[in-house]
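# Secondary and tertiary structure notes
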Amino acid sequence: MSGSSEERVGYITRVQSFSACHRLHSVHLSDEENKRVYGKCDNPNGHGHNYKVEVTVRGKIDRLTGMVMNLTDLKRCIEDVIMTPLDHKNLDQDVPYFSNVVSTTENLCVYIWDHMVTVLPPNLLHEIKIHETDKNIVVYRGE
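Residues numbered from 1 in each chain as written. Predicted model: local features only at pLDDT ≥ 70, side-chain atom pairs only at ≥ 80, totals over all residues. Heavy atoms only, no water.

Glancing now at the environment of serine 19. Within the secondary structure, serine 19 is located in strand β1 (residues 9-22). Along the chain, serine 19 and tyrosine 51 lie 32 residues apart, while their C-alpha atoms are 5.9 Å from each other. Leave out the neighbours within four places in its chain, and serine 19 touches His49, Asn50, Leu86, Asp87, His88 and Lys89. (Helix = DSSP H or I, 4+ residues; strand = E, 2+ residues; numbered from the N terminus. Contact = heavy atoms within 4.5 Å.)

Structural data, given as structure tokens:
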């Protein structure tokens, strides 16, 4: 089977951690509604997380290189899209996208996806998974 002409598909996941703070608060809701919906996460002073992000790419395993993607390139993309704009930042104040989008982990996944697809080769990004806490994990696949 090692000499098979069959094309193989592989998945690569790179894990990266970053720290950021935010406040869950919607300008479309009253203060009372924000308190009811977001509870303690609507604290006017915000709160922080040590996020763990998993970026998964999917593609054909290249016959010459044996890789779906060079991990050095994936690491650079993650640095540009996640670490530089998000690490040790206040998401609501330092990231323009969140000036009018509630900085939930779901929306953070969408933000990362939308930026990763612009720096990765076409059709390679498979999944963004963010561990907000040990118990809260959000997955987004561009749908």
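Now for the pairing of strand β5 (residues 137-140). Burial along β5 is one-sided: the face carrying Val138 and Tyr140 is buried and the face carrying Ile137 and Val139 is not. For strand β4 (residues 125-131) and β5, the ladder comprises four bridges, and the chain directions are antiparallel. Within β5, the residue paired with isoleucine 130 across the bridge is valine 138. Linking β4 back to β5 in an antiparallel pair, the connection comprises five residues. (Buried < 20%, exposed > 50% of the residue type's maximum accessible area, 1.4 Å probe, protein only. Pairing = 2+ DSSP bridges.)

Bringing the nonpolar core into the picture now. Ile82, Ile112, Met116 and Ile128 are the most contacted members of the largest nonpolar core, which has 33 residues in total. Excluding residues within four positions of it along the chain, isoleucine 128 makes contact with Val53, Glu54, Val55, Cys109, Ile112, Trp113, Met116, Val138, Val139 and Tyr140. (Core = buried A, V, L, I, M, F, W, Y, C linked by side-chain atoms within 4.5 Å.)

This part takes up unusual backbone geometry. The phi angle at histidine 88 is positive, at roughly 55 degrees, despite the residue not being glycine. Classification of histidine 88 as exposed rests on a relative accessible area of 65%. We note that asparagine 123 has phi near 60 degrees; this positive angle belongs to a residue other than glycine. Structurally, the position occupied by asparagine 123 is in the loop between α4 (105-119) and β4.

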